[in-house]
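Letter by letter, the chains look like this.
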Amino acid sequence: MQEKWWHNAVVYQVYPKSFKDSNGDGIGDLKGITSKLDYLAKLGITAIWLSPVYDSPMDDNGYDISNYQDIASIFGTMGDMDELIAEGKKRDIQIIMDLVVNHTSDEHAWFIEARDNPQSPERDYYIWRDKPNDLTSTFSGSAWEYDEKSGQYYLHFFSKKQPDLNWENEELRQKIYQMINFWIDKGIGGFRMDVIDMIGKIPDEKIVSNGPMLHPYLKEMNKATFGDKDLLTVGEAWGANPEEAKKYSNPEGQELSMVFQFEHICLQYQEGQPKWQYQKELNVGKLKEIFNKWQTELGVEDGWNSLFWNNHDLPRIVSIWGNDQDYREKSAKAYAILLHLMRGTPYIYQGEEIGMTNFPFETLDQVEDIESLNYAREALEKGVPLEQIMDSIRVIGRDNARTPMQWDTTDYAGFSSAKPWLSVNPNYAAINVESALDDPNSIFYTYQKLVQLRKENSWLVRADFELLETPEKIFAYIRKDGERRFLVVVNLSSQEQEFHLKETIESVLIANTDVKDDLEQLTLAPWAAFCVELVA
Ligand code: TEU
Ligand code: CA
């Protein structure tokens, strides 16, 4: 397959509510993002994945859309959106829109009509049943909500205010494609597709994701919309294995550019348990196994990987798997180096590039996230002690990723002139963009260098991946590009580790530590990480 721009892109995710407030209402907005484009250009990224900015009652911070072709007033206007797209283009930064088409808001005109008028065509855009089955919502409780007026239940795999769309309805699908084309015509760079693996659901058979019609729908969508355009499309597919991932992103009969799969992220949970029973200690052996599988199975000719540690739903990587107490900078850089030299498109989540950490949540009134709040309510009813609930939220809750971006040492971390909608992390005086830019050894410059390496080294796209046998806590791999070989070594622990390899270093590409010439007898400091080219 021909290489596309997104094969060597680096994407930066912006969570609009928390990035930058331009008008002093404590909520991030589009003008705020535009005002920080020069900062993002300095980091070097190719595209921004913009979490939803559409009109929405914000029950799930915009993942509940009431109008796909309008902008939420808290974020600005369509004019501000056009400006962001245009200003991005000037800096070679594409805008990737978040496409949430598994469900809408219950305040979307379609749902209002469906509820008010059961005879309307819109009724069938959603999923109604006389009796609920035992399907549950990701946000706790039953997935069915009773509607008094019509005496039927509607399906919602997320909040009650996020009714699921019925993709079996042809007219609905066409309306969605028209909406997608509306955004394509605006000149955006692509789409991130929210829980796209759920659109083929068959609730009566309890099939939630990977339904039999999933791929036919995506092929249809591709043809009707972006198929002949040069766009980056990435689908969220929590449980995908490599074989399924290839169905989406195989160049033959391509549906999407790539998917987000979460097999590595699932190591943060105990097997078969809800996420709140988190697993803090990383099983490095399993992590290596998982990456090895994905790295060797997917490539330009056969599927394509997305590479990420963070997003707006996940805890901060430096807090859950790094060491944000004793080795914050070192461990943040280690995770960056480990990931960005693999095969796939890397994603950076806002604040990751300065090593932002989890928030020390103490009480429930510091929490805004609907998933965490619903869980807390349900757990309290079951008698789980509040302290245990707060512990789960502190380690794994979604608000950890959503606290305001830390720009400088002024009030509210320079995010806003007013009290933000969610508290700023108290560590902002030490961890902020301004200090990071002033320090040539900061995490920021490690990310900047990694982004630059990706732009300058075409081997990063195609070179083979080979995992090395090493002591458990060391993750080491070689990328092979014909005669050239690049070695990446990372110590994923706060202890020293011994590493031996009978090879000689040609040159150092990036490191968070001093790299000695002698690979045969190497003591790796805690969280040491480097990439070197080996002598052929
Ligand atoms: O997330 C999909 C999803 O399944 C999440 O709820 C995930 O399981 C959970 O957050 C892990 O903690 C997407 C969006 O990324 C998320 O923000 C939305 O809330 C959700 O879809 C509904 O649109
Ligand atoms: Ca604002």
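I will try to describe carefully the structure that is included in this document. The structure presented is a predicted model; accordingly, all values stated were derived computationally and were not measured. (Residues numbered from 1 in each chain as written. Chains lettered and ligands numbered in written order. Predicted model: local features only at pLDDT ≥ 70, side-chain atom pairs only at ≥ 80, totals over all residues. Heavy atoms only, no water.)

1. Points about the environment of M405
Thinking step 1. By secondary structure assignment, the location of M405 is in the loop between α12 (386-396) and α13 (433-438).
Thinking step 2. For the pair M405 and K4, spaced 401 residues apart in the sequence, the C-alpha separation amounts to 31 Å.
Thinking step 3. The contacts of M405, once residues within four sequence positions are left out, are Y12, S18, F19, Y39, Q350, G351, E353, I354, M356, A413, F415 and V433. (Helix = DSSP H or I, 4+ residues; strand = E, 2+ residues; numbered from the N terminus. Contact = heavy atoms within 4.5 Å.)

2. What about the pattern of salt bridges?
Thinking step 1. One pass over the full model with this rule turns up 39 salt bridges.
Thinking step 2. Note that E387 is salt-bridged to R394, the shortest N-O span being 2.9 Å.
Thinking step 3. Assessed through its relative accessible area of 47%, E387 is described here as partly exposed.
Thinking step 4. Its salt-bridge partner being E533, residue R484 comes within 2.8 Å of it at the nearest N-O pair. With R484 in strand β16 (residues 484-491) and E533 in strand β20 (residues 529-534), this residue pair connects regions lying 49 residues apart in the sequence.
Thinking step 5. Judged by relative accessible area, R484 falls into the partly exposed class, the value being 40%.
Thinking step 6. The exposure class assigned to E533 is buried, which follows from its relative accessible area of 11%.
Thinking step 7. Linked by salt bridges that have partners in common, D60, K275, D313, D369, E371, R398 and R402 make up one network. (Salt bridge = Lys/Arg side-chain N within 4 Å of Asp/Glu carboxyl O. Buried < 20%, exposed > 50% of the residue type's maximum accessible area, 1.4 Å probe, protein only.)

3. Brief notes about the site of ligand 1
Thinking step 1. Not every one of the 18 residues close to ligand 1 is listed here, only the nearest: D60, D194, K275, H312 and D313.
Thinking step 2. Within the side chain of K275, a nitrogen or oxygen atom sits 2.3 Å from an oxygen atom of ligand 1.
Thinking step 3. Within the side chain of E371, an N or O atom sits 3.1 Å from an oxygen atom of ligand 1.
Thinking step 4. For ligand 1, whose free accessible area comes to 490 Å², the fraction covered by protein is 95%. (Near = heavy atom within 4 Å. Polar contact = N/O pair within 3.5 Å; in protein donor to acceptor, adjacent residues only side chain to side chain. Areas by Shrake-Rupley, 256 points an atom, 1.4 Å probe, with all protein chains shown as cover.)

4. With respect to the pairing of β16
Thinking step 1. Burial of β16 is extensive: 7 of the 8 residues sit out of reach of the surface.
Thinking step 2. In sequence, strand β15 (residues 474-481) turns back onto β16 through a hairpin of 2 residues, with G482 there showing a positive phi of about 60 degrees.
Thinking step 3. Pairing geometry for β16 and β20, over 5 bridges, is antiparallel. Along β20, the bridge assignment pairs V488 with C531. (Pairing = 2+ DSSP bridges.)

5. Comments concerning the coordination of the calcium ion (ligand 2)
Thinking step 1. Coordination of the calcium ion (ligand 2) by the protein comes from D21 (OD), N23 (OD1), D25 (OD), I27 (O) and D29 (OD), over a distance range of 2.2 to 2.3 Å.
Thinking step 2. Positions of the donor residues of the calcium ion (ligand 2), expressed as sequence spacing, correspond to D-x1-N-x1-D-x1-I-x1-D. (Donors = N, O, S within 2.8 Å, 3.2 Å for Na, K, Ca; no water.)

6. With respect to the packing of aromatic side chains
Thinking step 1. Counted under the stated rule, the structure contains 34 aromatic pairs.
Thinking step 2. On the numbers, 6.2 Å between centres and 45 degrees between planes, the contact of Y68 with W110 is tilted. Placement of the pair is Y68 in strand β4 (residues 67-71) and W110 in helix α4 (residues 109-116), with a sequence separation of 42 residues.
Thinking step 3. Residues W238 and F262 carry aromatic rings whose centres are separated by 3.9 Å and whose planes lie at 5 degrees to one another, so their mutual orientation is stacked. Of the two residues, W238 sits in the loop between β10 (232-236) and α7 (242-249) while F262 sits in the loop between β11 (258-260) and α8 (284-297), which places them 24 residues apart along the sequence.
Thinking step 4. We classify F262 as buried; its relative accessible area is 1%.
Thinking step 5. Among the aromatic side chains, those forming a connected cluster through ring pairs are F291, W309, W321, Y335, F465, F475, Y477 and W527.
Thinking step 6. Directly above the ring of W407 sits K36, whose terminal nitrogen or CZ lies 4.1 Å from the centroid.
Thinking step 7. When the ring centre of W128 is taken as reference, the NZ or CZ atom of R123 above it lies at 3.4 Å. (Phe/Tyr/Trp six-rings, centres within 6.5 Å; stacked < 30°, edge-to-face > 60°. Lys NZ or Arg CZ within 6 Å of the ring centre and 35° of its normal.)

Read these as geometric descriptors, not functional statements.
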